[in-house]
Amino acid sequence: MQNPSLLEIKDLRGGYGGAPVLHGIGLTVESGSVTALLGRNGMGKSSTIRAIMGQLPRSSGAVRLAGRDISELGPHKRARLGIGLVPESRQVFRSLTVREHLEVAARRPASGTGWTTDRLMDLFPVLRKRSKAFGNNLSGGEQQLLVIARALSTNPSLLLLDEPTEGLAPSIVNEIAVLLRQLTREADAPAILLVEQNLRFALSVADRAVVLVSGEVAYDGSAEDLSGRRDVQQSLIGVGAA
Amino acid sequence: MTTVFTQLRRKVPVLVLLIGALELPFLLSSQQESLLTRALIFAMMAASLDLAYGQAGLYSLGHAALAGVGGYTAWLLMVRYGHESFWYLIVAAALASALASLVFALVSLRARGLYFILVTLALGQMVSNLAQQWDFLKTAQAEAVTGIYIPSLGLGEDWHSGTLYQFVLVLTALGLFTIQRIIGSPLGLAFRGSRDNEVRMEALGYDVWRYRVVAIVLSGTLSGVCGALFAFQSGLISPTNIGVATSGLLVLMAIIGGSGTRYGAFIGGILVTLLQFYANQWSMERAPMIIGGLFIVTALLLRFRPKVAGALRSLTRGRVSHAVA
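Fair warning: this is a prediction, and the values are worked out from it, not measured in the lab. (Residues numbered from 1 in each chain as written. Chains lettered and ligands numbered in written order. Predicted model: local features only at pLDDT ≥ 70, side-chain atom pairs only at ≥ 80, totals over all residues. Heavy atoms only, no water.)

Undergrad: Which parts of the structure should I look at to understand the overall build of chain A?
TA: Secondary structure assignment for chain A yields ten helices and ten strands. In summary, chain A has a C-alpha radius of gyration of 17 Å against a globular reference of 18 Å for 242 residues, a match within 12%. Of all 242 residues assigned to chain A, the portion counted as buried reaches 55%. Long-range pairs, those at least 24 residues apart, make up 69% of the contacts in chain A with a sequence separation of at least 6. With an accessible surface of roughly 10300 Å², chain A has 47% of that area assigned to carbon and sulfur atoms. (Helix = DSSP H or I, 4+ residues; strand = E, 2+ residues; numbered from the N terminus. Rg over C-alpha atoms; globule rule 2.2 N^0.38 Å. Buried < 20%, exposed > 50% of the residue type's maximum accessible area, 1.4 Å probe, protein only. Contact = heavy atoms within 4.5 Å. Areas by Shrake-Rupley, 256 points an atom, 1.4 Å probe, with all protein chains shown as cover.)

Undergrad: Sorry, what's going on with the nonpolar core here?
TA: Most often, soluble globular proteins keep nonpolar side chains buried together rather than apart. Residues Leu58(B), Tyr72(B), Phe232(B) and Leu250(B) are the most contacted members of the largest nonpolar core, which totals 73 residues. Elements that contribute at least two residues to this core include exactly α2 (30-55), α3 (63-80), α4 (86-108), α5 (113-133), α6 (161-184), α9 (208-234), α10 (244-257) and α11 (264-282) of chain B. Of all the elements, α2(B) adds the most residues to this core, at 14 residues. Not counting residues within four places of it along the chain, the set of residues in contact with Leu58(B) comprises Ala52(B), Tyr53(B), Leu109(B), Phe116(B), Arg212(B), Ala215(B) and Ile216(B). Core analysis: the next-biggest nonpolar cluster, separate from the first, contains 49 residues, Val126(A), Ala151(A), Leu159(A) and Val205(A) among them. (Core = buried A, V, L, I, M, F, W, Y, C linked by side-chain atoms within 4.5 Å.)

Undergrad: How should the packing of α4(B) against α9(B) be read in this particular structure?
TA: Angle between the axes and distance between the axes: these two values describe a pair of packed helices. Residues and elements named next belong to chain B. Running from amino to carboxyl end, α4 crosses α9 at an angle of 140 degrees, the nearest separation of the two axes being 7 Å. By crossing handedness, the relation of α4 to α9 is classed as right-handed. Residues Phe86, Leu89, Ile90, Ala93, Ala94, Ser97, Ala98, Ser101, Leu102, Ala105, Leu106 and Ser108 of α4 form the contact with α9, whose own contacting residues are Trp209, Val213, Ile216, Val217, Gly220, Thr221, Gly224, Val225, Ala228, Leu229 and Phe232. Considering only residue class, the contact of α4 with α9 consists of 17 nonpolar, six polar and no charged. (Axes fitted to C-alpha atoms, helices over the stretch in contact; angles between N-to-C directions. Left-handed = near helix turned anticlockwise from the far one by under 90°. Nonpolar A, V, L, I, M, F, W, Y, C, P; charged D, E, K, R; others polar.)

Undergrad: Looking at this structure, how should I read the interface of chain B and chain A?
TA: One frequent convention defines the size of an interface as the accessible area lost when the parts assemble. Listed as interface residues are 23 residues of chain B and, on the opposing side, 31 residues of chain A. Of the roughly 2300 Å² buried at the junction of chain B and chain A (both faces included), carbon and sulfur atoms supply 56%. Where chain B touches chain A, the interface holds one salt bridge. Applying the counting rule to chain B against chain A returns nine residue pairs in polar contact (both at pLDDT 80 or more). At six residues, the largest contribution of residues to the side of chain B that touches chain A is made by helix α7 (residues 186-196) of chain B. (Buried area = accessible area lost by both parts, 1.4 Å probe. Salt bridge = Lys/Arg side-chain N within 4 Å of Asp/Glu carboxyl O. Polar contact = N/O pair within 3.5 Å; in protein donor to acceptor, adjacent residues only side chain to side chain.)

Undergrad: What is the right way to look at the pattern of salt bridges in this model?
TA: A side chain of one charge can pair with a side chain of the opposite charge if their charged atoms are brought near each other. Following the criterion strictly, the structure yields 17 salt bridges over all chains and no others. The closest approach of N and O atoms between Lys10(A) and Glu8(A), which form a salt bridge, is 4.0 Å. Judged by relative accessible area, Lys10(A) falls into the partly exposed class, the value being 46%. In this structure, the salt-bridge partner of Glu198(B) is Arg212(B), at a minimum N-O distance of 3.3 Å.

Shown next as structure tokens:
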């Protein structure tokens, strides 16, 4: 029998109140892979992330983590099972210091030492330098790195990134891309599901790309293939003509 | 080595202050000793409120009722059932307040924001009304229950205003120390995280609701001890002592001193109690105006506090943050 995928979403439907946004999403994420979730604004990318985390009301379908159905679980239980979230617009704790962010999130992994505060500060040297600064005294770029480190501190098997480059200067975007590639080379790197508007950034870190159109999967292939498919980029994502 | 040394050095001023405060009865009249004892009790009550209010962001307007449960429990066990051991009564008061705050938490945490505040207000008022209406909680015709006195520690102590002050001071120091330990622990971190951003904390694996229940129960338990001390010292406790006016006063204490800071609520408690006493002495009629005015000024100044705090912080650090983006 084949091992189950790390994350498996089956025919997932859901939305807020009477307004459905997800119309039967099907998606798998394998251990150690980086999957980019692409699409125009309002196509359900962030909603998919929220549904995986348990923050979006689900009407039907299932979410499985390592073969276990987690559809009925609340966000904190999903987090404990190994899902880490880097939310849209960052959301640092304004009255916690950088070090406290990592400490409050820290959870030991099932095996090994995992991502300790020290190891995270090695990976993100700027956080060591700013370890006593409060969350709301950090720049946008520092906040983004902190939030990624905070999510890693929970030692997730699956890391969800919701538009990590939003509102950041190009140089910082490059820095984050370098960092994510560095992260994926680590032996115990989590699988990553990355929601992005920035196609170039997404394709530079992902090895697989999924494009959503109106709450459904419209394209699912390797990131490399999508890089060459200008037609798909233009019709489904609305970029790539340049 | 150096960290141990700096830690010790940081404790020196606190120890000096504590020893100095312990020696105060040599300088004070017994009336002043009683006033200071009262101030310590209220400061401790404000500090216990701030554990939920300032740290966990649970704005309660019913805290005095939780302290009241402790006070009434001590009275009940002492006057109605004849228990005379301090330790027995104080533990019973703490347990009763813990139980009451658990009920408070389970009911009030069903609401959020402004509604949470209103529910705590209503719950507090219910407790105070119960004390007013229930004959079991009354003596003779008076509303206040009397006949309670400072119980025995079983150590052959000689209670007078000076020794009571010293004893309450030691208890207060222990209480403050406990609160500091909680604030500095992972639990305190979880309280502040939940206050800042509930959804984020959930996504990091925290059952925020459970942490909030813990915050309210810890806060209520400590206040129960203060309520019992209040009853012991006053010799009586009345429904007005535990009503919404007192709850509001506790909030004022916490905010004036600096809610959410380490010693803010405690210092605010001392200041407001002293101010209230001297205002009353100056003019019974004008005292409520003074306290009310203070309330309004504090509320108005609060708008500027983030700026002041931010300015102070950058001054003490001596540098501005280096921007990455």
